[in-house]
Amino acid sequence: VTQFDDHAYFDELVTAATAALTGDEVLLATVSGERTDFIRLNHNEVRQAGSIHQRTLTVDLVEGHRHVGGSIRLAGVRSIDEARMVALLAQLRDQRRLVADDPFLLYNTEPVSTERIERGTVPDPSAALADIRTAGAGRDLVGIYASGDTFTGFASSLGQRNWFQSSTFNFDWSFYLRADKAAKNLYAGFEWDDAAFAGKVDWSVRQLVALERDPIELSPGEYRTYLAPRAMEELLQLLSYYGAFGRRAHETRQTPLLRMLVDDARLSPLLTIREDTARGVAPNFQSAGFLRPDSVSLVVDGAYAETLVSPRSAQEYGVPTNGATGGEYPLSMAVEPGAIPTTAVNEALGTGLYVGNLWYTNFSDQAACRTTGMTRFATFWAEDGEIVAPVNVLRFDDTAYHLLGDRLEGLTDHAEVLLDTDTYGGRSTSSMRLPGALVGAMRFVL
Amino acid sequence: MTDLLIESRTLEDRLRSVLPGDVDFASARLVDERSERVTVRRNQLEPIFNEFDTGVMISIWNDGGLGYAATTDLSESGLTAAVDQARRWAEITAGAMVTTAAPRNHATGTYVSPVEVTWDSMPLPDRIDLLHQQSRLLGIDERIVNWGASLVRREVDQLLVTRSKVGATGRVEQRFRFVYPSLHATANEGVNTQTRTFGGHAFCGQGGAEVLGRYGFGDAATRIAEQALELLTAPNCPTGVMDAILAPDQMILQIHESIGHPLEIDRILGDERNYAGTSFVTPDMFGTYQYGSELLNVTFDPTVPGQLASYGFDDDGTPASREYLIKDGILVRGLGGAVSQERSGIPGVSNSRADNWNRPPIDRMANLNVEPGESTVDELVASVEHGVFFHTNNSWSIDDSRNKFQFGCEYGQLIRDGEIVGPVRNPGYRGISSTFWRSLSGVADRNSFTVMGTPNCGKGELNQMIGTGHASPACKFSGIEVFGGEQ
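Residues numbered from 1 in each chain as written. Chains lettered and ligands numbered in written order. Predicted model: local features only at pLDDT ≥ 70, side-chain atom pairs only at ≥ 80, totals over all residues. Heavy atoms only, no water.

(A) Summary view of the overall build of chain A. Summing up its helical and strand segments, chain A has ten helices and 20 strands in all. The globule rule puts the C-alpha radius of gyration for 446 residues at 22 Å, and the 24 Å found for chain A is close to it. The C-alpha extent of chain A, read off along each of the three principal axes, is 75 × 60 × 30 Å. Considering chain A as a whole, with its 446 residues, one finds that 60% of them fall into the buried category. For chain A, the share of sequence-separated contacts (at least 6 apart) that also reach a separation of at least 24 residues comes to 71%. Accessible surface, chain A: about 15900 Å² in total, of which carbon and sulfur atoms supply 50%. (Helix = DSSP H or I, 4+ residues; strand = E, 2+ residues; numbered from the N terminus. Rg over C-alpha atoms; globule rule 2.2 N^0.38 Å. Buried < 20%, exposed > 50% of the residue type's maximum accessible area, 1.4 Å probe, protein only. Contact = heavy atoms within 4.5 Å. Areas by Shrake-Rupley, 256 points an atom, 1.4 Å probe, with all protein chains shown as cover.)

As structure tokens, this is what we get:
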């Protein structure tokens, strides 16, 4: 069976739409889609399994400084999709007559075309299922396997063409011991490697052994804490999504790191954060046609540096855009590693909490960057550099100015690549590169 | 772009013709959605956005296997290919399923959102003018640094057709009309930034233009802008153990997180343990467990006219009905559809729902409501010696068993000796679900009972984002751990 060529199809649609433009119209078009096989498991058996093929075409129809946007789900049948697109453009033209000039409209008028295709060899789903169930035999395995192509394209009537496509698999699973005691893991990549998967499984099994000990119930208080990279991910995602690194949130004083803007607050000098597009797995272009630079420094030595600037913010605040999406949050965040040997984390921790995962973070006081959240999965109590026992879930409530600031004692010397497992609407292409962090004292309240 | 695919007899015939007649259960669920978003931010119209989305999910249950295939190709060959794909999955998974329980309903029926005033009776220029008007009412002071008003309209038409090898067939047609109004105002002074909102997480529902009047959209802008400014000079919420009165727009979150999610049977069965989490509720608790005080009565009610998650049938085709989940404080029923009920033996409801055509249904909340009591809100306030009245959720966090929670609100009011004495900022409280509801000491009457909805509940692998409805009066809780900001 010949696989449908989404790349060529998108190009044909935009070429046809461009030919149908009137007057001085400009068309900005983005397509995003996936061809995904998924297997959802519980108790090492299948709960749901299937396939999804979807593509969404999003357009912005511009004339002068007036514009209106819209999207259609593509059927993949030329006659149907061209008819849908013609109807959408007609509706957008009707609405455009009713709107005033948009002073914040900005799109790329200097076309730069790019293409990045990373073809993997993802396993046949029945083979993947067999491997997974073999690994889970005799264990309480729960999770999701998803594989196949994801793609994003941009095209404009000015002649720009950008395409990003990759074939990946992502197996996000937990081995459960009992109740809420579990070891969580992720195996993702372009080609399934039995040895690599076995290594992941072995790591999880070792965590299960540690979890078998009787759990400790810790009282609220302050504890010396090691935050593993996945725990750091949860904290940094919270800051990112609420605008810590976005221009609009800075200008409107909504950034949770407000005190770094208007007061003399600083994060730890050990902390340097970048949007590292060159080493990420997300497209390096966005829906107004701007390309993202390889790297944008967001925090350097604990102080604010640059912000992520979308084209609209660029116009509104009179600064250059750096190709950020409308949300102005990092898609490929990287935190520079530190000096703590990753292989000697327990020794560096000494006596305290080893937190594998944090969960459900939010703000207690956003303007003060006071955050809260729960420990989850593998969280252990350590004494004198040795894991002693798992710890029942704890709620923390502390400021980033402590956790990533004056109480940050060090970062590990290796930044782990963490692929985003979110599949809301479609499979995410975001990622982070994060080290673990040693915090002198973290406040737990419940 | 206004053709209703659901009305196409040709398409329905095509869906019927491709569904196989030699399997235990087959279904095709067509979803055809149209939406429009209009936003004015800082007195400037943002680009209007229109969305059109159509697709079909094919489900095949056969010989102990289950397969799904989601496609946008509604041609005969496209649908046939999807059926073949779903069949193949059913073959792959046969013998490896966690359950062989399959939907058995072949229901026939329709549901249509009640609409009093059609959305189109308010033309686009009028909608833009309304938003500009609200925006001007929000941006009233130079300390208001960000503000905006928006209207979202969604129309979702669904057609579920089913077939089985014993000759049964079903047809469920549902047409939903949703309106989501929202306002926000952010005030700043130095290191203090405070935001008040309207709509967003609470005041949205089914219907037409009348939804705006239902929630007082036209009257809210001045109030929230003034309250955002008030909060700049208000003291921080006090810290300590005291009484808490939760307004309906905070109750919505309290119900959702610490009653709704823990009662989802798929969580209790462990399906969500790798992502959304498990539950402190165990199967043996149903019928005996004292979930809350005797004042607590909670219903699953998809029949409330105009509530966000009202419907006639769930996405497995099970007819929807009102049921008590908690009666006089005792847990009596869980939130699980036909498949979860068969797997668990726990009595459930019709709540097997998918957020779109490209996701399979799972157990979700629909309308989950706290029934009104007999006190007036004034009586609740008068009964508080020292406490805080919490308004409008802005922060939510709860553990993966849905037990240890911490919630925050935009706006608090300090209560002393039975009277509200003034606003406090950054009000928060924390507790444990399994004991929190037993501290329920007052439930206000129908006068404060507010029918609301929240559009963004995330759950599932693959992830799904769906709307849920909640209705509640103001409620009083005694002996709660309350705190404020900074420290």
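Having seen the structure, we can now continue with the description.
(B) Region of interest: the overall build of chain B. In terms of helices and strands, chain B carries ten helices and 24 strands. A compact globule built from 487 residues should have a C-alpha radius of gyration of about 23 Å, and chain B, at 24 Å, falls within 12% of that. The principal-axis extents of the C-alpha atoms in chain B amount to approximately 70 × 55 × 35 Å. Counting only residues that meet the buried cut, chain B has 69% of its 487 residues in that class. A separation of at least 24 residues holds for 75% of the contacts in chain B among residues at least 6 apart in sequence. Here chain B displays about 15500 Å² of accessible surface, and carbon together with sulfur accounts for 47% of that area. Of the side-chain charges in chain B, 42 are positive and 63 negative, and the distance between the mean point of each set is 3 Å. (Lys, Arg positive; Asp, Glu negative; His and termini not counted. Charge placed at Lys NZ, Arg CZ, Asp CG, Glu CD.)

(C) View of the layout of surface pockets. Here the second largest pocket defines a volume of roughly 760 Å³. By residue class, the composition of the lining of the second largest pocket is ten nonpolar, twelve polar and six charged. (1 Å grid on protein atoms, 1.4 Å probe; cavity = no way out; pocket = protein on both sides within 12 Å on 5 of 7 lines; lining within 4 Å. Points joined across faces, edges and corners; volume = space filled by probe spheres on them. Nonpolar A, V, L, I, M, F, W, Y, C, P; charged D, E, K, R; others polar.)

(D) Just the pattern of salt bridges, in detail. For the structure shown, the criterion picks out 61 salt bridges over all chains. The salt bridge partner of Glu25 of chain A is Arg93 of chain A, with a shortest N-O separation of 2.7 Å. Pair noted here: Glu25 of chain A is in the loop between α1 (6–19) and β1 (26–42) and Arg93 of chain A is in helix α2 (residues 78–96), with a separation of 68 residues, a long-range link. Each member of the pair, Glu25 of chain A together with Arg93 of chain A, is buried. A network of salt bridges, in which partner residues are shared, links Asp32, Arg34, Asp120, Arg153, Glu155, Asp157 and Arg177 of chain B. (Salt bridge = Lys/Arg side-chain N within 4 Å of Asp/Glu carboxyl O.)

(E) Main features of the sheet that holds strand β12 (residues 323–327) of chain B. All names here are of chain B. Strands sit in the order β13-β12-β11-β16-β23-β22 across an open sheet of six strands; the sheet is mixed. Lying at the two open borders of the sheet, with one neighbouring strand each, are β13 (330–331) and β22 (450–459). Strand direction decides the pairing type here: strand β11 (residues 298–300) and β12, joined by three bridges, are antiparallel. The residue bridging Val298 from the neighbouring strand is Ile326, located in β12. (Pairing = 2+ DSSP bridges.)

(F) Structural context of the sheet that holds strand β18 (residues 416–419) of chain A. Residue and element names in this part refer to chain A. Taken together, the six strands give an open sheet; going across it, the order is β11-β10-β9-β12-β19-β18, and neighbouring strands pair in mixed fashion. Edge positions in the sheet fall to β11 (303–304) and β18, since each of these pairs with one other strand and no more. Judged from the three bridges that link them, strand β12 (residues 332–335) and strand β19 (residues 431–434) form a sheet pairing that is parallel. Paired with Ser332 across the strands is Ser431, a residue of β19. Across the sheet, helix α5 (residues 229–241) touches β9 (273–275), β12, β18 and β19, and the angle it forms with β19 is around 125 degrees. (Axes fitted to C-alpha atoms, helices over the stretch in contact; angles between N-to-C directions.)

(G) How the structure looks around the pairing of strand β16 (residues 367–370) of chain B. All names here are of chain B. Here β16 shows no split at all, with Asn367 and Asn369 on one side and Leu368 and Val370 on the other all buried. Judged from the three bridges that link them, β11 and β16 form a sheet pairing that is antiparallel. Bridge pairing in β16 links Phe300 to Leu368.

(H) Structural context of the side chain of Arg196 of chain B. All names here are of chain B. Relative to the helices and strands, Arg196 resides in strand β8 (residues 192–199). A polar side-chain atom of Arg196 sits 2.7 Å from a polar atom in the side chain of Glu410. When neighbours within four sequence positions are excluded, Arg196 is seen to be in contact with Leu183, His184, Ala185, Ile224, Gln227, Ala228, Leu231, His391, Thr392, Glu410 and Tyr411. (Polar contact = N/O pair within 3.5 Å; in protein donor to acceptor, adjacent residues only side chain to side chain.)

(I) Structural context of the side chain of His391 of chain B. Looking at the secondary structure, you find His391 of chain B in strand β17 (residues 386–398). Filtering out sequence-adjacent residues up to four positions away, His391 of chain B remains in contact with Arg196, Ala247, Asp249, Cys409, Glu410, Tyr411 and Gln413 of chain B.

(J) Molecular detail of a negative patch on the surface. Residue and element names in this part refer to chain A. Side chains of Glu347, Glu383, Asp384 and Glu386 sit close together on the surface and give a patch of like negative charge. Relative to the helices and strands, Asp384 resides in the loop between β14 (370–383) and β15 (386–390). Among the residues examined, Asp384 registers a relative accessible area of 71% and is labelled exposed. (Patch = residues over 30% accessible without salt bridge, like charges linked within 9 Å, V, L, I, M, F, W, Y side chains within 5 Å.)

(K) Inspection of unusual backbone geometry at higher detail. Following Glu461 of chain B, the chain continues into Leu462 of chain B via a peptide bond in cis, with omega recorded as 0 degrees. Of note, Leu462 of chain B is situated in the loop between β22 and β23 (464–472). Within the chain, Arg253 of chain A stands out as a residue other than glycine whose phi angle is a positive 60 degrees. Tracing the chain through its elements places Arg253 of chain A in the loop between α6 (247–251) and α7 (258–262). Arg253 of chain A gets classed as partly exposed once you look at its relative accessible area, which sits at 28%. Positive phi, normally seen in glycine, also occurs at Asp63 of chain B, with a value near 50 degrees. Within the element layout of this structure, Asp63 of chain B appears in the loop between β3 (49–62) and β4 (65–71).

(L) Region of interest: the packing of aromatic side chains. All told, the structure shown has 37 aromatic pairs over all chains when counted by the stated rule. Between the aromatic rings of Tyr226 of chain A and Tyr354 of chain A, the centroid separation amounts to 5.2 Å while the plane-to-plane angle is 45 degrees, which identifies the pairing as tilted. Of this pair, Tyr226 of chain A sits in strand β8 (residues 221–227) while Tyr354 of chain A sits in strand β13 (residues 352–365); the two residues are 128 residues apart in sequence, bridging distant segments of the chain. Tyr354 of chain A sits in the buried class, given a relative accessible area of 16%. Seen in terms of ring centroids, Phe405 of chain B and Phe436 of chain B are 5.0 Å apart; in terms of plane orientation they differ by 90 degrees. Their pairing is edge-to-face. (Phe/Tyr/Trp six-rings, centres within 6.5 Å; stacked < 30°, edge-to-face > 60°.)

(M) Broad picture of the interface of chain A and chain B. With 95 residues of chain A at the interface, the matching set in chain B holds 92 residues. Taken together, the links from chain A to chain B amount to eleven salt bridges. For the salt bridge of Asp397 of chain A with Arg430 of chain B, the shortest nitrogen-to-oxygen distance reads 2.9 Å. One can count 64 residue pairs in polar contact (both at pLDDT 80 or more) joining chain A with chain B.

(N) Broad picture of the packing of helix α3 (residues 125–136) of chain A against helix α2 (residues 76–93) of chain B. Contact pair α3 of chain A / α2 of chain B: the axes reach a minimum separation of 11 Å and the direction vectors enclose 25 degrees. Between α3 of chain A and α2 of chain B, the interaxial angle falls into the category roughly parallel. Note that α3 of chain A runs across α2 of chain B; the crossing there is right-handed. Here Pro125, Ser126 and Leu129 of chain A of α3 of chain A lie close against α2 of chain B, whose contacting residues are Arg88, Trp89 and Ile92 of chain B. (Parallel < 35°, antiparallel > 145°, perpendicular 65-115°, else oblique. Left-handed = near helix turned anticlockwise from the far one by under 90°.)

(O) Structural detail: the environment of Val345 of chain A. All names here are of chain A. Assignment of secondary structure puts Val345 in helix α9 (residues 345–349). Considering only alpha carbons, one finds Val345 and Leu438, 93 residues apart in sequence, at a separation of 8.5 Å. Contacts of Val345, omitting those with residues within four sequence positions, involve Tyr226, Tyr354 and Thr412.

(P) Up close: helix α3 (residues 124–138) of chain B. Its 15 residues give α3 of chain B an end-to-end C-alpha distance of 21 Å, which sits within 8% of 21 Å, the value for a rise of 1.5 Å per residue. Those residues of α3 of chain B that fall on the buried side of the exposure criterion are Leu124, Arg127, Ile128, Leu130, Leu131, His132, Gln134, Ser135 and Leu138 of chain B. (Expected span 1.5 Å × (residues − 1).)

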